[in-house]
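In case you want the letters, here they are:
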Amino acid sequence: MTHISNNSGNQEHYTPVRFTDSARKVMGSIDIDPASNEVANEWIKASTFYTIENQGLNKEWHGNIWMNPPYNSSSLKPLVDKLLSENINQAIVLTNNNTDTKAGQLLLRWASAICLVQGRIRFITQDGVESKKSPLQGQIIYYKGSNIGNFKEEFSKHGTVYLKD
């Protein structure tokens, strides 16, 4: 759920509610957020969430997954590998638009649809307010599941949606 923004050194930034609300509209619920914390889960509202302390990599994932993982490759790749190995219903993953990386390529091949977010997401800071600064990169949202039409309709609000053939 963390990412580097503006080279501030602070990697705790949270997803704005409009994106998690859209995720719930598409999937119906968020059963697991494997890269979160107690503060973020106040608006993500996952039935189960895993933190740095209670790592989700060794637990079974099921149902509908929301994931805004740490964006550094040493954290991102294991979470992506885990997601792709699990038997889930649906998943929505928000990352930097790093489609040239191993994790980005894996997610592109796996996804049923993607949303290239228009503009850069101003993430929520640890004190609960939207950051005044934009991140260094744009973001991409990957979707895996059968509600592709719902994903297109809902996430078109946030950017350009592409559906896999």
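Below is a summary of the structure that appears in this document. (Residues numbered from 1 in each chain as written. Predicted model: local features only at pLDDT ≥ 70, side-chain atom pairs only at ≥ 80, totals over all residues. Heavy atoms only, no water.)

**Digging into helix H1 (residues 17–27)**
Okay, step 1: Among all positions of H1, only Phe19, Thr20, Ser22, Ala23, Arg24, Val26 and Met27 are buried.
Okay, step 2: Each element contacted by the buried residues of H1 is listed here: helix H2 (41–44), strand S3 (64–67), strand S4 (90–96), strand S5 (113–117), strand S6 (139–144) and helix H5 (148–155).
Okay, step 3: Of the residues trailing H1, Gly28 is marked for its positive phi of about 95 degrees. (Buried < 20%, exposed > 50% of the residue type's maximum accessible area, 1.4 Å probe, protein only. Helix = DSSP H or I, 4+ residues; strand = E, 2+ residues; numbered from the N terminus. Contact = heavy atoms within 4.5 Å.)

**A short note on unusual backbone geometry**
Most peptide bonds are trans, and most residues other than glycine sit at a negative phi.
Okay, step 1: The backbone phi angle of Lys45 is positive, close to 60 degrees, even though this residue is not glycine.
Okay, step 2: When you line up the elements, Lys45 lands in the loop between H2 and strand S2 (48–49).

**Topic: the packing of aromatic side chains**
Okay, step 1: Inspection of the entire model under this criterion finds three aromatic pairs.
Okay, step 2: Ring geometry for Tyr14 versus Trp43: centroids 6.0 Å apart, planes at 70 degrees, classification edge-to-face. In this pair, Tyr14 sits in the segment before H1 while Trp43 sits in helix H2, placing the two residues 29 residues apart along the sequence. Trp43 carries the same exposure label as Tyr14, and that label is buried.
Okay, step 3: Pairing Tyr143 with Phe151 gives two aromatic rings, centres 5.0 Å apart and planes at 15 degrees, and the pair type is stacked. In this pair, the class of Tyr143 matches that of Phe151, namely buried. (Phe/Tyr/Trp six-rings, centres within 6.5 Å; stacked < 30°, edge-to-face > 60°.)

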